[in-house]
Structures are given as C-alpha cells and as structure tokens.
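Next come the chains, spelled out residue by residue.
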Amino acid sequence: MFRFGILAALAATPLVAAVSSQTYAWKNVKIGGGGGFVPGIVFNAKQKGLAFARTDIGGAYRLNADDSWTPLLDWVDDKRWNYWGVDALATDPVDPTRLYLATGMYTNSWDPNNGQILISKDTGATFTAVSLPFKVGGNMPGRGMGERLAIDPNKNNILFFGARSGNGLFKSTDYGATWSKVASFPSPGTYAPDPSDTFDYNNQVIGIAWVTFDSTSSASGTATPRIFVGVADKGKNNIFVSNDAGATWTAIPGQNTTYLPHKGVLSPAEKTLYVSYSDGAGPYDGTLGAVYKYNIATSTWTDITPVSGSDLYFGFGGLAVDVQKPGTIMVAALNSWWPDGQIFRSTDSGATWSPLWSWNGYPNLAKHYTYSNSLAPWLGPNYVDTTAGNKQIGWMMEALVINPFDSNHWLYGTGATLYGGRDLLKWDTTHNVSIKALADGIEETSVRGLISPPSGSANLISGVADIAGFVHTNLNVAPSKGHTDPTWMTAADLDFAGNKPANVVRIGAGDDTDTKQVAISSNGGVSWSQHYGAADGVAGGQVAYSADADTILWRTSSNGVQVSQYQGSFSAVSSLPAGAVIASDKKTNSIFYGASGSTFYVSTDTGKTFSAKGSLGSSTAPHKIAVNLNVAGDVWVSTDKGLFHSTNSGTTFTAVSSVSQAWGIGLGAPKTAGGYPAIFAAAIIDGTTGYFRSDDAGVNWVQIDDAKHRFGAISPNPISGDPRVYGRVYIGTNGRGIFYGDASGTPPIPTVSPSATPSSVSSSSSTAKPSSSSTISSSSSTKPSSSSSSSSAGPTPTGTSGPWGQCGGQNWTGPTACASGFVCTISNPYYSQCIPV
C-alpha cells in the first residue's frame, strides 16, 4: 500500500499575490460546438439528469437541465496544466455528489508530470487531488477506451483504476484517498500502436482499457465480487474477470483475441456484458472490428457484429445499453471516414440491427434523422446532407450513452462536437430521430492566434487548431462559418495591417500538405483569397502584415524567414535568424521588427534586410513583439528574462523591473481618450505568475486572473487587447477555447509613480538593470527628476486633460494642461501623461 498526498480544495484555493488585483468578469467567446474530441460521457445511475463529459485537452464538464454544460476545471493553472487531459471519469452510483477524474496529458517525455486522481464531494464544484506515481494520458492514443476508472456500485468506498504504460490495475478502499496495486491482476497490457514511432507518441503502451462491475453479483453494502477488466492486447487474452472482489483473476474463455476491447458495458437485467472491438486503439485508426456479448449465466460468447464483408471497414467504439429496456443496445463505428459515420441500434440484444443511414442507390444516402446545428452553425449545412463524404454524423465516436432514466435521451461524442437528442424511441417506430449539436458550454479548442482590429465589424479574429478559426462580430454567438477558401484544418497565425486593418493575412499550419498556406482578406476575414506567391508545402510559424498591406513577412516553420511584396513570390530573408519572432510597425509601412536571443532587429526596407539594433538584456528566448497601433516605433517585447519597451523603433529598450519573465502580450484601448494603450501580459510579476494589465506603460500592474480562472498552460496562450473597449482582453487557451474578460471591479490605486520608469537598455548593454527610481511609491514625498517632470512641449493648450490622460508627446495636438492635482509628465518622447502631483 502506498499513500498519495492530498492537495487542498483546489477550486477554492487563493494564491498570494505580490501585486494588486482587479476583479474581472470572464466568459468564453462562444464557438458553441465543442471544437474537439469528446471521448467520454457518463450518466449517473442514481440521480436523474446528472451527467458528465470528459475531453482530451479541455477538462471535464457537468450537464445542466437546459442541455448546456458547465466547465469544472477552469481553475487549472500553469503548474497544473496537465489536469485538462481527462483520461477517465467516474460518477458515484451510491452518492451522486462524489465525482472522480483521472487526469494527466501525456505518458511520454513531452509531459514531465505524473498523473492524479481528482476527487470531488460536491459534483465538481471543488476538488482535491491525489498524486499518482505514474503518468496518465488524457491526450494519448486509446483515450476513447474506457472507462478506466470505476466505483463499486454496492460499496462505493471501493474504486478500481486501470493504468497505462504497463503500470497495471489499482484499487482504493477509502474513496480514492489511497491506492494499492492489484498484484494478482495477470496482464497490464503490452499493445502500442507503433512501437517504432520515433516521435514518442504511438510507441506508448495503452495499458488497461476499462473496468466494469457486475452490480447484480452482490447486494448493497457488500463489495461487488464480479468485476470485468478489458486490456489493450492483441493475439492474447484481453478480458479478465474476478469473482472475489478483485482478489484473483482469470481470463474469460472463448473471448475474441483478434481485436482490442474498447468498451465493456453491462446490461444488468440481461446479466450480459456487451463489448465493442476495434483493430486500432483509436481515436484515428481502426479499419476492422466486432461486437460481442457475453452471457454471464451461461459463460458463452456470441458475435453480434452489425455488418460484415465489404460493409465492415471500420472498428467499433461507442457502446450503450438502455437499462430501462433490456435488450436495447447501440454501437458506433469508431472510424467510418466515408461516406459518413455510422451508428447501429438493436432492440433484440443484437440479433438484428438498424443503421442511422443506409444506401439509397449509390451514391445517394438515406439518412434516418433530422439535423440541427443551430448552436454551432459552422459545423456544416443546417439540414440533412445526403452527400457521400460529408461526415455529418461524426467521426471518432467513442462516447455513446442512453440516459438511464429516459430512454428517449441520448448523447454521443465525436471528434468535433457532442450530438444527441430527446426522441430516441422514434428510431424503433418511424426510424427517424432528431439529432442536434448539444455542446453548448463545451469549448475545448486549442487557439493559435488572436487579433482584434481597431475598426470593422469584427472585434475578434482567431486562428484555431483543427477547425481553422473564426471571425467574431458577436462574442456571445457562435459564428456561422470558419475560415474558408482556402480552408486548412489549423490556422497557425494571423495579422492585420495597421493603417488598413480590414486587410488580414492568415497562415496555415501544414495539416494539408503540398498546398499553399497563405491567405489574405481585404474585408476583415469575411472572405479570403489564396496568396499564390507562397511555395507549396511551406507552412506554420508567424506572420506580420505591413502597415499599408502591401508586404507580408513570414517566419515559416522549416524554411526560415521569407518576405513577399505586392503578392509576389516569397523570397528568403537571410539577415534575420530563422527562428526570430517578428512583427510589423503599425504606422510606418517600411518598418518590420524581429527578435532572436538578446538581439532586436529592424528592417526599414519592407522586410528585405534587417540590421541588429537594440539589446534585450540577457534574454535567450523572445516570445512576442507587440506594437502600438497609434505611435510609430513604440514596441514591446516579451522574453524569458522579462518585458522590454522601446520608443525609438528598437534602438534602445527599457526593462520593466517588476517583470522577470513574460509570454503573451497585447495592447488594448487606453483608460482615457488619447491615453497610452492598456498593456496585457501573461507574465511573472513580482514573483506571481498570472495575467496582468497596466494602464501606465508598464509602471503599475494589476492581476486580472483569479482563483476560478487560470487558463491552463501559460506559455502557449495568445493574448490580444481590444483597441476599442477599455479593459477588455482576449486569452486563447490550449484546450479551453477563447476567453474574454472585462474589468468589473474597482481598480486599485497605483503604487508606483508613473514618472518612475525603468532604466534604459542601450543597444550595447548586456543586462537590463532597473533604475532606483523604479521603486518610488506614490505616497513618497520625493519629487520626479527634472528629466521626467517637465511639461511636455506642444501646441497651445486647447482644453484640460483629465486624470491620467495624455497631455503631450510627439505630434500630440490635444490639451497640454492637466486637471487640478495632476501634472503633465513625460513618459517617453511620444507620450506624456497627467499624474498626481
């Protein structure tokens, strides 16, 4: 027996912040269709209407009465990012308030963290975490098998968990607080999809696939003696049974050893175990399979596979029984990529089957359902599409369930969304059911890029993995379509032209090989056209659009930095390192920027050549360059060593002394008209890792994330401020879609005088050192130095600028006088601000 440490109630644990905080209202930008793989859905057997769904990279969700879903793991932060990979889920059939999640993202070297069992006693409102001594693979092959985690339906303090990677079967007798390995279990599994995979992904051993208790084998209060366990193995026994509560195990005679057992579902009234098989671990593979039932009373197996011969070109995944109607079962084709997905239903224990679609004279299909995607119209046409090749039913269908309290209510997960309906019994009469996209509240996309143009109908344009990305004119309404013409599965990055923001460029990630991966739009992403100057097969990386939209600078994934002007062919830019971070000046068309290591580069000839300019201190890994939309040469750079600011196109930089590391950054609308843009940063500030906003060019910061919203892994998350709405920020996550936040709480009083700016870092300096003035408190009686307190030069005052408003700077034509109690103070040559006397 070994004991795992238990963490505090995670969803309610505050973090001690060294900086002030401001309350924000956070909401998902609605995509509405899930956007990713839903490998598991589980109904509670005792409480009517209680159900949960798990995703591979986006956490877990609880079903609401209106068919929407509530996310349960939005408190997951950077240190616990792998909690969003949910490999198994169990809801307690005795005490429905208890919920268990087995979490962890990868079992290979990509994720250094071991997994954990998350335990909730309040249906997912809060959790405690029990650490495991091995890894869990929520985003690994075979993640749709299951459920690997099961609760004894007669004695709910007992749980079993089937581990991956040959770690075997584990048991807990104290509600998951401690676990011990079941030494008598005969086979931990040896199957790996591709043992020779040098990418270190498909070579991982799948391990145990599912655990199923036979609830009929004992009475309430007594440990269930009969337990079935499926193991990912081929050519050998892969389903085992215990008749003494897990003390000893035997292989069930007569079982199928050709395929991998994906699901093992008990029909209690029939005393029958149904099993779906596939020749692949899923979710992408599988070209053959079978469905069997095992009669427990007679110890006999029966092959009940719905199709055979040329009609069997897929494996089987999702499997459901109707506990209210014994003998009614359903099974889904795991990977029927053409002409569509397929689901079969039987009301006679598998003797006969009826399909969700059938041929109606090739190439026409007869589809036995009505269809609605009103909650996620981008999924496709909002009608029954009988065209062969349009996978309207879905794919990667491992999750399939029937509500144990309502035979009409069913749900199933796909690789893109979650479908279902509430008239399932019509399948058996009119053979025509209603299917509806029902993933409202489930947002599990991996976001690659975000831009918020300063004008136009769209506040937000996104680049998203697997489903291209979207133009959002309403953040609370799912878009009608994704990016098309050209269409790529994943958009790697986007940018808009500063002086002509309706002009947008989009880069593909290379999912569709041997195609051109650059697209341009002149109407804010409403429509796109192919950029024919790109070479076939070049993809990914980062893109920058010149201010007047005539030049595209592209840091590709594998072919270095390239540039194209007037939609001509792309040519190599040899003077900029291949892995450089890039950006364009948003006011001056000829200027582009680059950063690599500690060196900042500038081009003044529209990206054709670059010269080394300023220093980024001791940085080794620049992350993002953000450029002021309104002032030429005003640039911010986030790096592994902090946050740097230049007001002279990168010739010199100041280092923000409180920031020790920064990732995503973005500029948004200023607090006051004409003021300096709000700066948003994912960073470590004064020792606190989180998301922050500054309204005074980086002098003072407020933390804007909170204990309930931490946004997972921080380094890959893109950030964009909204240049039209003060305080609004967009955060893209790697698994939970896009969030937008609006300031709702009273901002804290600044703690540092805005005149106390960080020290300058010259182009020859090697280390960014803050000046002593960077720690001056606003309550201090010290006066600003003459270099920072003089009134800015400019036109004759034509009015009075309000508190914290702009009062001067190069080309400033507004008021230079400040409200009573404030003095005009130079922050940089381009910006002077009214600060308290």
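If you check an unreviewed UniProt entry, the protein chain appears there as CBM1 domain-containing protein from Hohenbuehelia grisea. Listed in UniProt under the heading Sequence similarities (unreviewed entry), the comment for the protein chain reads: "Belongs to the glycosyl hydrolase 74 family."

**Focus: the overall build of the protein chain**
In terms of regular secondary structure, the protein chain is built from one helix and 66 strands. Sorting the 837 residues of the protein chain into buried and exposed places 60% on the buried side. Counting every atom, the protein chain has about 28900 Å² of accessible surface; 51% of that belongs to carbon and sulfur.

**Regarding the sheet that holds strand β40 (residues 518-521)**
Read from one edge to the other, the open sheet built from four strands follows the order β38-β39-β40-β41, with strand pairing classed as antiparallel. Here the strands that pair on one side only, and so sit at the sheet edges, are β38 (491-496) and β41 (529-530). Two elements, β40 and β41, share two bridges in a ladder whose sense is antiparallel. Each residue of the ladder has a partner; that of Ile520, found in β41, is Ser529.

**Section: the layout of surface pockets**
Reported here for the second largest pocket is a volume of approximately 1100 Å³. Of the residues in the lining of the second largest pocket, the class split is 26 nonpolar, seven polar and three charged.

**What to know about the pairing of strand β15 (residues 178-181)**
Sheet topology note: the strand β14 (residues 169-172)/β15 ladder contains two bridges and is antiparallel. What sits directly across from Phe170, in β15, is Lys181. Between β14 and β15, which pair antiparallel and follow one another directly, the connecting turn spans five residues, one of which, Tyr175, has a positive phi of 60°.

**As for the pattern of salt bridges**
Following the criterion strictly, the structure yields 19 salt bridges and no others. Note that Asp423 is salt-bridged to Lys426, the shortest N-O span being 3.7 Å. The exposure class assigned to Lys426 is partly exposed, which follows from its relative accessible area of 35%. A cluster of three or more residues bridged by salt bridges with shared partners is formed by Asp67, Asp406 and Arg422.

**Remarks on the packing of aromatic side chains**
In this structure the tally under the stated criterion is 36 aromatic pairs. The interplanar angle of 40° and the centroid separation of 4.9 Å between the aromatic rings of Tyr294 and Trp301 together place this pair among those described as tilted. Accessibility classification places Tyr294 together with Trp301 in one group, the buried group. Connected via pairs of aromatic rings, a cluster forms that spans Tyr24, Trp26, Tyr691, Phe711 and Phe739. Sitting above the plane of the Tyr175 ring, Arg98 keeps its charged end 3.9 Å from the centroid. The ring of Trp395 has Lys391 sitting right over it, with the charged end atom 5.8 Å from the ring centre.

Calculation criteria
- Residues numbered from 1 in each chain as written.
- Predicted model: local features only at pLDDT ≥ 70, side-chain atom pairs only at ≥ 80, totals over all residues.
- Heavy atoms only, no water.
- UniProt positions renumbered as here; feature names shortened; annotations may be inferred.
- Helix = DSSP H or I, 4+ residues; strand = E, 2+ residues; numbered from the N terminus.
- Buried < 20%, exposed > 50% of the residue type's maximum accessible area, 1.4 Å probe, protein only.
- Areas by Shrake-Rupley, 256 points an atom, 1.4 Å probe, with all protein chains shown as cover.
- Pairing = 2+ DSSP bridges.
- 1 Å grid on protein atoms, 1.4 Å probe; cavity = no way out; pocket = protein on both sides within 12 Å on 5 of 7 lines; lining within 4 Å.
- Points joined across faces, edges and corners; volume = space filled by probe spheres on them.
- Nonpolar A, V, L, I, M, F, W, Y, C, P; charged D, E, K, R; others polar.
- Salt bridge = Lys/Arg side-chain N within 4 Å of Asp/Glu carboxyl O.
- Phe/Tyr/Trp six-rings, centres within 6.5 Å; stacked < 30°, edge-to-face > 60°.
- Lys NZ or Arg CZ within 6 Å of the ring centre and 35° of its normal.

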